[in-house]
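The chain contents come next:
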Amino acid sequence: MKKKLTIAVLVSLFMFCFTGLVPAQEKATKEECIEKCKEAAQMVQEKGLDATLAVIMDKNGPFVWKDTYIFCIDIEKKANIAHPIKPKLIGKNLMHVKDTGGKLFFAEFINTAKGKGAGWVEYMWPKPGEKKPSKKMTYVYKVPGESVFMAAGIYE
């Protein structure tokens, strides 16, 4: 009986490994996005902006977790200043970027940071590797006393 069970487990494992199936990636939560944005903002207060941006840019650092990450936008320059997944976006003014429904969501990020200082922005955006847009929510948190905000998003 043990031999049959062992063989069944090994066959299942073999099929799992070679069929291309991979376990679903764990999803970040809204609470984690809020917590990580505030943690990054606190780091700016304690260690300075440049040191914090270096940590944000580290793909293996504390601000890249599960299926999301922190990015940072300069409110005055209206430009991305830290993005661990797409560093090509750094220095780019993204105010003209629209979702599939025509929403200028980067402009809304900035308006949220300048207005309430924190909040969620909903928009439609394709998940990585997909073409069809999905509902995405990004939390925006303005760093107190600075002209930058931290942001992290999740797909619903």
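Anything mentioned here points back to the structure above.
Each value, and the rule that gives it
Residues numbered from 1 in each chain as written. Predicted model: local features only at pLDDT ≥ 70, side-chain atom pairs only at ≥ 80, totals over all residues. Heavy atoms only, no water. Phe/Tyr/Trp six-rings, centres within 6.5 Å; stacked < 30°, edge-to-face > 60°. Helix = DSSP H or I, 4+ residues; strand = E, 2+ residues; numbered from the N terminus. Buried < 20%, exposed > 50% of the residue type's maximum accessible area, 1.4 Å probe, protein only.

1. Looking at the packing of aromatic side chains
- Scanning the model with the defined rule gives 11 aromatic pairs in all.
- Seen in terms of ring centroids, phenylalanine 105 and phenylalanine 109 are 5.7 Å apart; in terms of plane orientation they differ by 70°. Their pairing is edge-to-face. Taken together, the positions of phenylalanine 105 and phenylalanine 109, both in helix α4 (residues 105-114) and four residues apart, correspond to about one turn of that helix. Of the two residues, phenylalanine 105 and phenylalanine 109, both sit in the buried class.
- An angle of 15° between the planes, with centres 6.5 Å apart, marks the rings of tyrosine 139 and tyrosine 141 as stacked. Here the two residues tyrosine 139 and tyrosine 141 agree in accessibility, since each one is buried.
- Members of the aromatic cluster, each reached through a chain of ring pairs, are Tyr69, Phe71, Phe105, Phe106, Phe109, Tyr123, Trp125 and Phe149.

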